[in-house]
Structures are given as C-alpha cells and as structure tokens.
Amino acid sequence: MLTRRTFIKSSLATNLAIAAQPGLALGLSQYAQEDHSLLIFSDETSAQAQQFAGQLNTPHSNIEKDVGLHFDTFNRFHREQPTGWITGLTRDSDFFILEQMAATKGYRTVFSAIHETNNNTVTHQVSSSVDKAHLIADSLAQSLENWPSWLANNITSLAHHELATAQANSQAGSSTNNEYLVSWLLIPSTSA
Amino acid sequence: MTKPLPPGISLEQFNSAISEMEKVVGKAFVFIDDVNELRSYRDPYNTTNDADFAPSAAVAPHNVEQIQKILAIVNQYKIPVWTISTGKNFAYGGPAPRKPGYIVLDLKLMNRILEVNEKHGYAIVEPGVSYYDLYNYLQEKGIKLWIDCAAPAWGGIVGNTSDHGAGYTPYGDHLLMQCGMQVVLADGTVVETGMDTTSNSKTGGLYKYGQGAGIDGLFTQSNFGVITRMGIWLMPEPPGYTPFMITLENEQDLETVTDLTLPLRLNQVIHNAPMTADLLWEAAMSVSRREYYTGTGPMPESHRKKMAKDLHLGIWNYYAAVYGPEPMMKNNMELIQDAFGSIPGAKFYFDETRKGDPGWDYRVKLMKGEPNMTEFSLLNWIGGGGHINFSPISAADGKDAMKQYKMIEKRAHEYGFDYIGEFLIGWRDQHHIFMLMFNRMSEEEKKRAHDLFAILVDDAAAMGYGEYRTHLSFMDQIANTYSWNNNSLWDAHHAIKDELDPNGVLSPGKMGIWPKNLRGKA
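Residues numbered from 1 in each chain as written. Chains lettered and ligands numbered in written order. Predicted model: local features only at pLDDT ≥ 70, side-chain atom pairs only at ≥ 80, totals over all residues. Heavy atoms only, no water.

1. Thoughts on the overall build of chain A
Alright, step 1. For chain A, the count of helices and strands is five helices and seven strands.
Alright, step 2. Secondary structure of chain A in N-to-C order comes out as β-β-α-α-β-α-β-β-α-α-β-β.
Alright, step 3. Counting the 192 residues in chain A, one finds 60% classified as buried.
Alright, step 4. In chain A, of all internal contacts separated by at least 6 residues, the share reaching a separation of at least 24 is 80%.
Alright, step 5. Summed over all atoms, the accessible surface of chain A reaches about 7,300 Å², with 46% contributed by carbon and sulfur. (Helix = DSSP H or I, 4+ residues; strand = E, 2+ residues; numbered from the N terminus. Buried < 20%, exposed > 50% of the residue type's maximum accessible area, 1.4 Å probe, protein only. Contact = heavy atoms within 4.5 Å. Areas by Shrake-Rupley, 256 points an atom, 1.4 Å probe, with all protein chains shown as cover.)

As structure tokens, then:
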C-alpha cells in the first residue's frame, strides 16, 4: 500500500558490539580510508543510495524508516571512533537530523550536494569551495547513471575547510525520477 | 560573517567575561568559534537572515553552582544569556537566541535522571535529559512507566514542558503533569517550588502546590529564572492499548468529527488527545510532493484525490487510542465506533489493517510514549524543506475548527503554499498546528513564508484566536495580540521581570517579555 520508507544503511567497525533493537538487522563492516573509520548512512528505498553504499563495500544493510533508531549507532561510533568520519546519501530530513546531532558533538559539514531528479534529468547542486564546486558537479554529471559510484569513490577527498561555499549545478539524463537525495560528509572539528 | 557581540558590550569586555566563564566551567565548555562550535546554536529554519539570531558564544555549565557563577558574571557585565535545554524545538527557533550577540546558556550537560518512582509514577530530571534518555532509562531498568514524548522525540522534557509542549498519551498535557521544580533566579538565588521547599520533603513529585502562591507556571514560556530540575508524572503502563485511525472523505467532516469528539473526550471515553491530520501531513510520511505534482503553488484537488486513493488516506485522518483492561477498552471502542460510524464514508483502521504504513506506525508509537523521529519525514514533502509552525488555539468545536482551517488554507494558497496541518483536541481546547513548509534554500520562499505567517497572526487575532507558542521572529507580534485592558498582562510580566532580573540578563525578549533596558527597542 505504501511506497516510501526511510531506509538507512549503516556500517561501522565489525568489532563494535551493537545491541540490535527488535526488528532491526544492523549490518556492520569497516571501511577505512586515510586512517579514518567511516560510518555510512544510505536511504535504502533509493537505487542511487544503494549504489553509493555498495561501492563503499558494505555488505549488510538495515531497513527501517526512523533515523531515531540509529542514534545509538551514531553515538557509539562517535564514542569509539572519535576521529572517524560520517557520510551518507540520504533523504534530506535524515541528513538534517544527523547534521544537527553531529554539530553538537563537534562535527562539521565539509561537503554536501543535492541530487534532484525531475523529468528524467538529474541535477547535482554541489556546495563546496570555490575552486572545487564546478569540478565536482561536472564530474557527477559526466558519470551519468554511475554518479553514486563516483561519489563513493571520491567522497573522502571532497572535504573542504571553508564554510563559505560555491554552488554549482550540472545536469545529466537519469532513468529514475522525482527523487531528492543529499550526499554529505561530516568530520570532527579536530580533523579540520 | 563577523560574529556579533552582545548588545552594548565591547570586544574587550566580551573577552574578559568569556575568560571568567572559562574559569568557572573549563575552557572546553565555553564555545566561541563560529565555524566549528557555534553553528549548532543557529536556527536552520529561520525565515529571515541567519545573522538575526546568531549568538556570540555559548557556555555549558555542569551544575547549579556553575550557573550561579555564570549569572554573577553576566550580571556584572550586563550580558544577556539565552537559556536552552536540548535546543531541539525547531520550527520555533531551535537553540538560537532572540537577538544576535546573546550568549547561549546551554544546559545539555545537566542531564541526570535524579529519581524515578515507579510506585507513584513520577521522575525528577535535569534540563539536559531528552525523551530518548528517559525512555531508555526506563527500558533498561524494566520500570513499567511510560513517558509522554514530543514528536520528534530528541527534545528535552524540561524544555518542552516549559515551552507548553504537548504529547499524545493520556499524559499529553505536559505542564499539567509537571510537579515541582528548582529554579535559579537571576541573582543566583535557588528556589524550590511546591512541597520540596519543606525540610526532608518526601512529596515533591506528588503534590504540585504546597502552601502559598503556586509559581511554577511563572517560569514557563518566560525569562524569570533558569529551571534546573523538574518533576514530571509518568503514566503506569496500562494492561491494554488500542490505537485506532479513522479516514474521512470530505473536507466538512472536520466539523463533524470535532463535535463528536468533545463529549467522548470530556467523559474520558477517549483517553488521549485525538489528532485530526490533513491529507498532506499523512501522505508526506510515505511520498513526496514531486511524486504527484511537479507544478508550482498548492497541489491541485485532482492530484490530492489521486494521492488519497493511492495511499488509502482520507482528506482528514483521525487518530486516538483507548487504554486499560480489555473489557473497558471494548466498551469504549463500541461507544467510539457508534459515534463516528455515523459519518458517511468513515473507515476505521487498527493495527491489523494499517501496520506498515509509516504514518500509522509512528502515531502508534507516539500514543504509547515510544520516542521516534519519523515526523521529520514531513520535511521531505518538498526538497530542502524547512518549516515554522503557526499554532492557534480554539475551542474544541467543529465550527471553530472549520473557520480556522478555511482561513489558514485560503491564506496559504494565496501565498503559494500547501496547507499542511493537524488539530489536537486537549481537555476542552484545540491546538491547530499549521506546518508552514518552505524551501529553506530559497530566499524568496522564506520571505513569502515569513509574510504569510505575519498576516496569519493578524487574521487569527481578528477572529479571536491566539497562538500558544511561536517562533522567535513572531514573539513580539503575538505578545501584542494578548493586549486586553491596555496590555495589562504584559505590564504584569514586565513588573515581575524588572523585580527578578533588574539587569535584564535572562533570555531578553522570550515570548515578548523584555527587560526595561531593552523594552520597546526590539
């Protein structure tokens, strides 16, 4: 009957002890790059978000609609991996909540982009530093349907340290429609 | 952006005050870096300029003694502080202060659950305790008490209660369920209210009043003190719980369902505050606007009807619950089905027939005090959604409900926005929450939303309706609508303010209450 739920994929160090809540099948794996453990969130109703998470080599996922069920995961990651980075390709509301939570724990947003699909065209609106924004938006557009993979492969190198950002749009055809996703990267201020 | 300073304070004085605060709480708990620290004290949903509500610093004390020392410092320098507990009341300003340059007094580190009394059903908590914290505590200890949480539930018990927030179980009137508090006044004096002011008190969480004037309410939606502890009654886990939903086909059914509810509510046949949510509120839990309509302006009727059909939703969608032993619930449900079954086209849903619907699932959780964040899905209705809530009170009366709904819907459409709203029937009143949703990336849309909100305040006042809570931007405008007898109520507020906080350091402008040095200058 209902078509849309929030699905979030999270992954973190395999050796973390997670007390899974009833109805959840939390999947765990580790993805480390440049010495930073990475916690990944993705919207599982979205094929693009799945491509993104899949590229980051996270074999497990959990499926539900309430980002609140992941607060423990978030807090545990922050506690056990204080220098770890957090990324995602999610619904806007999930990013908003996680960004707010992260900010209170000293994280800052170092990259974000909106990926909006209308009339079989995806528009990438990238917020980044002046010298990077257009390059990133163009790279995403040139990756056509594989933009989530490009994003996953490059996400940890997209961090910028200026809050003053440039926005750049780039468009490409898409087989999906009517989707609004946000990709993002949060890092602890001590890493900046 | 250049970081603001507190009003009338030089950089040298500011730095000196900050240095003194660092000695009190430790350098790690005074936040002055605009990029890395203060961004979490902004209002992401404000409809004006980000700088309008930007703090100069934030300080997070660990205990009452540190609060007293901080207040001594800000009194010396005459620097305003803006008190927050968890700071999550987005749509009403979140953690941001009323004016730029205030220092945020962030009570997040005072997050102890001081007592839970299972036998008598209450808890005593500090301001930093969130609904999740208390819920998890009860679960871990196996205590058979329910919380009553806000939706979404990352907010705090003290903050929500003192802001007159409401929930969804029979204990949903949060201030009604508050019992006893501890407050630090601007001069550092610590006051206990109710029974806790007697020596060796054992009844602070049980009886609200004590002897003499009851003053707890003075410290809610105000700036007369800093609440540092609060008692809150908790509902014993009932032997049974039956949530239900009724979908209604016609716009006019709002009047009927409201009128049918009042006697059931007054006589406690329905135990909690029933909610009547419009189609878009419910649809937004499952789909986004763009899946049904990509044009501009409000969604056309034909698209709304298709969406309602696809999602098995009504134009209005009514949620409530009964609680208790099985025979009692059965009896009450029969009365309820008899009453609402008379509405043509009304369809009843229960867990067996609705489970899996995100809109149903989160209401079921809320009505039994299970914290969740699902309501934020509403923000995905449009991309980059931000919102402020317009929240007028009316009688729990069908004609009033229709009158408010038609007025707000007409104005919303006039300004190019969808009507997204719900009605919550309290003991005798009705809260109407119009979620004014806008694209927070669009300056033009933010301005349009701001203008719409301002005109709604005036329209509602002209019709005899006042709001129960509001965003920072509209506190003064709404205060001016409570103007009977030459603003005598606000004169009383200001007299109290001047007496208790002569230097005007505590949350100046909160809900339109200004200290004398800033009065009339907002």
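2. Notes on the packing of aromatic side chains
Alright, step 1. For the coordinates displayed, the defined rule picks out 29 aromatic pairs over all chains.
Alright, step 2. Between the aromatic rings of Tyr207 of chain B and Tyr209 of chain B, the centroid separation amounts to 5.5 Å while the plane-to-plane angle is 90 degrees, which identifies the pairing as edge-to-face.
Alright, step 3. Of the residues examined, Tyr207 of chain B reaches a relative accessible area of 42% and is grouped as partly exposed.
Alright, step 4. Overall, the relative accessible area of 48% leaves Tyr209 of chain B in the partly exposed class.
Alright, step 5. Ring pairing ties together the aromatic residues Phe96 of chain A together with Tyr45, Phe90, Trp154 and Phe376 of chain B, which thus form one cluster.
Alright, step 6. Over the aromatic face of Trp154 of chain B sits the side chain of Lys88 of chain B, whose NZ or CZ is 5.2 Å from the ring centroid. (Phe/Tyr/Trp six-rings, centres within 6.5 Å; stacked < 30°, edge-to-face > 60°. Lys NZ or Arg CZ within 6 Å of the ring centre and 35° of its normal.)

3. Side note on the sheet that holds strand β4 (residues 103–106) of chain B
Alright, step 1. The strand order across the open sheet built from four strands is β1-β2-β4-β3 (chain B), with neighbouring strands paired in mixed fashion. If you trace the sheet from one side to the other, it starts and ends with β1 (30–31) and β3 (81–84) of chain B, each paired once. (Pairing = 2+ DSSP bridges.)

4. Things to note about the sheet that holds strand β6 (residues 122–125) of chain B
All names here are of chain B.
Alright, step 1. One open sheet accounts for five strands, arranged β5-β6-β10-β8-β9; its pairing is antiparallel. Each edge of the open sheet carries a strand with a single partner, namely β5 (113–117) and β9 (190–192). Between one strand axis and the next, the sheet turns through 10 degrees on average, direction left out of account.
Alright, step 2. Relative to β6, β5 is paired through four bridges, and the arrangement is antiparallel. Within β6, the position partnered with Glu115 by the bridge is Ile124. (Axes fitted to C-alpha atoms, helices over the stretch in contact; angles between N-to-C directions.)

5. A closer look at the domain arrangement of chain B
Residue and element names in this part refer to chain B.
Alright, step 1. Domain annotation of chain B identifies domain 1 (11–106), domain 2 (113–236), domain 3 (241–472) and domain 4 (482–512).
Alright, step 2. Computed over C-alpha atoms only, the centres of domain 1 and domain 3 are separated by 35 Å.
Alright, step 3. Across the domain 1/domain 3 interface, buried area totals approximately 1,400 Å², and carbon plus sulfur atoms make up 61% of it.
Alright, step 4. The largest per-residue losses of area from domain 1 upon contact with domain 3 belong to Tyr45, Thr47 and Tyr92, which jointly make up 57% of the total buried on that side.
Alright, step 5. Where domain 1 packs against domain 3, one counts zero salt bridges.
Alright, step 6. Taken together, the connections running from domain 1 to domain 3 amount to three residue pairs in polar contact (both at pLDDT 80 or more). (Domains from an automatic or database assignment. Buried area = accessible area lost by both parts, 1.4 Å probe. Salt bridge = Lys/Arg side-chain N within 4 Å of Asp/Glu carboxyl O. Polar contact = N/O pair within 3.5 Å; in protein donor to acceptor, adjacent residues only side chain to side chain.)

6. Brief notes about the interface of chain A and chain B
Alright, step 1. At the junction of the two partners, chain A supplies 30 residues and chain B supplies 39 residues.
Alright, step 2. Carbon and sulfur atoms make up 57% of the surface buried where chain A meets chain B, a total of about 3,000 Å² over both sides.
Alright, step 3. Where chain A meets chain B, there are two salt bridges.
Alright, step 4. A salt bridge links Glu116 of chain A to Arg290 of chain B; the nearest nitrogen and oxygen atoms lie 3.0 Å apart.
Alright, step 5. At the boundary of chain A and chain B, one finds 10 residue pairs in polar contact (both at pLDDT 80 or more).
Alright, step 6. Put simply, the parts of the chain that give the side of chain A that touches chain B at least two residues each are α3 (92–104), β4 (107–118) and β7 (179–188) of chain A.
Alright, step 7. Among the elements that make up the side of chain A that touches chain B, the one with the highest residue count is α3 of chain A (eight residues).

7. Thoughts on unusual backbone geometry
Residues and elements named next belong to chain B.
Alright, step 1. For the bond from Ala151 to Pro152, the omega torsion is 0 degrees, close enough to zero to count as cis.
Alright, step 2. Tracing the chain through its elements places Pro152 in the loop between β7 (145–146) and α4 (157–162).
Alright, step 3. Even without a glycine there, the phi angle at Lys78 is positive, about 60 degrees.
Alright, step 4. Looking at where Lys78 falls in the secondary structure, it is placed in the loop between α2 (64–77) and β3.
Alright, step 5. Among the residues examined, Lys78 registers a relative accessible area of 49% and is labelled partly exposed.

8. Observations concerning the nonpolar core
All names here are of chain B.
Alright, step 1. Residues Leu134, Trp154, Met307 and Trp381 are the most contacted members of the largest nonpolar core, which totals 144 residues.
Alright, step 2. For this core, the element with the highest residue contribution is strand β14 (residues 316–323), accounting for seven residues.
Alright, step 3. Residues within four places of Leu134 in sequence aside, it is in contact with Ile113, Val116, Ala123, Val129, Ile147, Ile157 and Leu234.
Alright, step 4. Listed in part, the 28 residues of the second largest apolar core include Ile9, Ile70, Leu71 and Leu107. (Core = buried A, V, L, I, M, F, W, Y, C linked by side-chain atoms within 4.5 Å.)

9. A word on empty space enclosed by the protein
Residues and elements named next belong to chain B.
Alright, step 1. On inspection of all chains with the given rule, the structure shows four cavities of 30 Å³ or more.
Alright, step 2. As a volume, the second largest cavity reaches approximately 110 Å³.
Alright, step 3. When contributions to the lining of the second largest cavity are tallied by element, the ones reaching two or more residues are α3 (131–141), α4 and β10 (226–233).
Alright, step 4. Taken together, the residues of the lining of the second largest cavity break down into 11 nonpolar, two polar and one charged. (1 Å grid on protein atoms, 1.4 Å probe; cavity = no way out; pocket = protein on both sides within 12 Å on 5 of 7 lines; lining within 4 Å. Points joined across faces, edges and corners; volume = space filled by probe spheres on them. Nonpolar A, V, L, I, M, F, W, Y, C, P; charged D, E, K, R; others polar.)

10. A few points about the side chain of Thr470 of chain B
Alright, step 1. Looking at the element boundaries, Thr470 of chain B is found in the loop between α12 (443–462) and α13 (475–479).
Alright, step 2. Here Thr470 of chain B is in contact with Tyr92, Phe453, Met475, Ile478 and Met511 of chain B, once residues within four sequence places are set aside.

11. A few points about the pattern of salt bridges
Residues and elements named next belong to chain B.
Alright, step 1. If you walk through the whole model with that rule in mind, you get 33 salt bridges over all chains.
Alright, step 2. For the salt bridge of Lys406 with Glu409, the shortest nitrogen-to-oxygen distance reads 3.4 Å. Of this pair, Lys406 and Glu409 are both found in helix α11 (residues 398–414), three residues apart, which corresponds to roughly one turn of the helix.
Alright, step 3. Taking the shortest distance from any N to any O, the salt bridge between Glu414 and Arg411 comes out at 3.0 Å. With a gap of three residues between them, Glu414 and Arg411 both fall in helix α11, about one helical turn apart.
Alright, step 4. Linked by salt bridges that have partners in common, Asp34, Arg39, Arg42 and Asp50 make up one network.

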